[in-house]
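Residue-level listing of the chains:
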Amino acid sequence: MTQTPNSQSTRQKPPHFERPDHERVVITGMGAITPIGNDLDGLWANLMAGKSGIDVIDGFDDVDGDMSEFRSRIAGRIKNFDAKTHLNPKDVRRYDEFMHYAQVASAQALYHAGLIDGIQGDSLPINVDSERFGVIMGSGIGGLQTIESSRDTLRAHGAKKVSPFIIPGTIVNMPAGLIAIRHNLRGANLATATACTTSTHAIGLGARLIAYGDLDAVVVGGSEKGSTPLGMSGFAAMHALSTRNDEPTRASRPFDKDRDGFVLGDGAGALVLESLAHAKARGATILAEVAGFGMSDDASHITAPPTDGNGAKRAMQNALNDAGISPDKVGYINAHGTSTPAGDVAESHAIQALFGDDILVSSTKSMTGHLLGAAGAVEAIISVLALQHQILPPTINLDNPDPDCTLDYIAHTARTVSDVDYAVSNSFGFGGTNGSLVFRRWDN
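As the structure is a prediction and not an experimental result, all values here were calculated from the model. (Residues numbered from 1 in each chain as written. Predicted model: local features only at pLDDT ≥ 70, side-chain atom pairs only at ≥ 80, totals over all residues. Heavy atoms only, no water.)

S.K.: Teacher, can you tell me more about the overall build of the protein here?
M.R.: Along its length, the protein carries twelve helices and 14 strands. Over its C-alpha atoms the protein spans a radius of gyration of 21 Å, differing by no more than 12% from the 22 Å that the globule rule assigns to 444 residues. Overall size of the protein, expressed as C-alpha extent along the three principal axes, is 65 × 55 × 55 Å. Counting every position in the protein, which comprises 444 residues, the buried fraction comes to 58%. (Helix = DSSP H or I, 4+ residues; strand = E, 2+ residues; numbered from the N terminus. Rg over C-alpha atoms; globule rule 2.2 N^0.38 Å. Buried < 20%, exposed > 50% of the residue type's maximum accessible area, 1.4 Å probe, protein only.)

S.K.: Where do I start with the pattern of salt bridges in this structure?
M.R.: Where charged atoms from two side chains of opposite charge approach closely, those side chains can pair. The final tally for this structure, using the stated rule, is 19 salt bridges. Here Asp344 makes a salt bridge to Arg259, at a shortest N to O gap of 3.3 Å. Highlighted residues: Asp344 in helix α10 (residues 341-355) and Arg259 in the loop between α7 (229-237) and β7 (267-275), separated in sequence by 85 residues. Asp408 is the salt-bridge partner of Arg415, the closest N and O atoms lying 2.7 Å from each other. You can call Asp408 partly exposed: its relative accessible area is 28%. (Salt bridge = Lys/Arg side-chain N within 4 Å of Asp/Glu carboxyl O.)

S.K.: Would you explain helix α6 (residues 198-211) in this entry?
M.R.: Because the α-helix completes a turn every 3.6 residues, residues three or four places apart line up on one side. End to end, α6 covers 20 Å across 14 residues, agreeing with the expected 20 Å (1.5 Å per residue, within 8%). Within the span of α6, buried status applies to Thr198, Ser199, Thr200, His201, Ala202, Ile203, Gly204, Gly206, Ala207, Leu209, Ile210 and Ala211. (Expected span 1.5 Å × (residues − 1).)

S.K.: Just checking my understanding: could you explain the packing of aromatic side chains for this structure?
M.R.: Describing an aromatic ring pair means giving the distance of the ring centres and the angle of the ring planes. This model, assessed by the stated rule, comprises six aromatic pairs. Judged by centre distance (5.9 Å) and plane angle (85 degrees), the ring pair of Tyr95 and Phe165 falls under edge-to-face. Taken together, the residues span a long stretch of sequence, with Tyr95 in the loop between α2 (89-94) and α3 (97-112) and Phe165 in the loop between α4 (144-157) and α5 (174-183) at a distance of 70 residues. Overall, Tyr95 belongs to the buried group, its relative accessible area being 12%. Geometrically, the ring pair formed by Phe235 and Phe262 is edge-to-face, given 5.4 Å between the ring centres and 75 degrees between the ring planes. Placement of Phe235 in helix α7 and of Phe262 in the loop between α7 and β7 is noted, with a sequence separation of 27 residues between them. In terms of burial, Phe235 and Phe262 fall into one category: buried. Put simply, the rings of Phe235, Phe262 and Phe430 pair up and form one aromatic cluster. (Phe/Tyr/Trp six-rings, centres within 6.5 Å; stacked < 30°, edge-to-face > 60°.)

S.K.: How should I be thinking about the packing of helix α9 (residues 310-323) against α10 in this particular structure?
M.R.: Put simply, α9 and α10 touch, their axes get as near as 8 Å, and they point 40 degrees apart. On the basis of the axis angle, α9 is oblique to α10. When you trace α9 past α10, the crossing you get is right-handed. Of the residues in α10, those in contact with Ala312, Lys313, Met316, Gln317 and Leu320 of α9 are Ala350, Ile351, Ala353, Leu354 and Phe355. (Axes fitted to C-alpha atoms, helices over the stretch in contact; angles between N-to-C directions. Parallel < 35°, antiparallel > 145°, perpendicular 65-115°, else oblique. Left-handed = near helix turned anticlockwise from the far one by under 90°. Contact = heavy atoms within 4.5 Å.)

S.K.: I would appreciate a short explanation of the sheet that holds strand β1 (residues 25-33) in the present structure.
M.R.: The pairing of strands in a sheet happens through backbone hydrogen bonds and is either parallel or antiparallel. The strand order across the open sheet formed by ten strands is β5-β4-β6-β7-β1-β8-β14-β13-β9-β10, and the pairing between neighbours is mixed. Each edge of the sheet is formed by a strand with only one pairing partner; in this case those strands are β5 (189-190) and β10 (360-362). With six bridges connecting them, strand β4 (residues 133-138) and strand β6 (residues 217-224) associate as parallel partners. Following the sheet pairing, Phe133 is matched in β6 by Ala217. α5 contacts β4, β5 and β6 of the sheet and is inclined by roughly 150 degrees relative to β4. Each of β8 (288-297), β9 (330-334), β13 (422-429) and β14 (433-441) is contacted by α9, which is oriented at about 140 degrees to β8, the strand it contacts most. (Pairing = 2+ DSSP bridges.)

Okay, here's the thing in structure tokens:
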């Protein structure tokens, strides 16, 4: 019988790649700019308090102050952040806000890793081999805010008034470029752009560059500024956003029966990854290990996941395979959990099918909103902090659980644990792209 190219019987699985001990990948630094805190201490304190960072948007400078036409008028925006205290004022003017977040979060992570002596200033030296130190910093959308304002300038004043920084000030790979320039990082320089899976992919790809011996260390993560007029109206036109405008802090409610869409959030997350040998050689404090990374694609719809969550399940299984562990070893999952009707059910089904009924799950998007391309990095950081503190952050606003979502989502209040050694962080994006990471608690 003639077999088609897609016949399962003709396929052979490639051998599983085993990392040598000297190429294990560890996390030595983290930094975050989020709606609930602009550093690790603030982020963690507000997570533990179950505090929402979502507010009403009073208006946009370029929409004449009228928000009445916007279906969704709430977002998790960055507060008390002045880029000029960290960056050259000229660069602040030239580059989109998502680049400001990326640079500051990365400086925080490098400082946390003991690789620079402060987070302010234009150029801070790093005491490692710069040619073996890379950057992977992505964004789901890029400089939407600057694109919008530049289009307005073109229409109002003509082509000659458009800034020469419109292109370098908006493109997705420029945060990685600026971080590399600022810190003299001359290894691989990449940008991921895989919608809401962007920074999970950045972390996983960075880990593999180290595991394969291409780099000794890499700054990885993502940043986003999506709460712009076009961003808000575009997602709302898809009926993707919550319209609970009168109760902003209660709008993001993953796994709750009364959820009506996600809430946009802005910010950035950055992590320093190093080979275990490199981190030990320089006496670094190790925060956790990147134990596994898995990817998949739904290949079914541009925005909606399959109802059984098969793509999500395969991504998580691939991450477990990479880590070399069984599902029962995992004690906590930081869910993608966006608060959309279809997405939360699909992810719950996927988690339940792979991990069973007893796994502990929470969605911290209930507090931060959905940071799009930055979500995976921020939630990876949260997962590492949970492993370090052995406290699991809650899912707030889970007042009326969806009967199709039957797991323990750590409703309302953070939970202290004592034996969680592995955590999984999930990210799923438009186009059906999925990514999962497995983190291992570090125990000297």
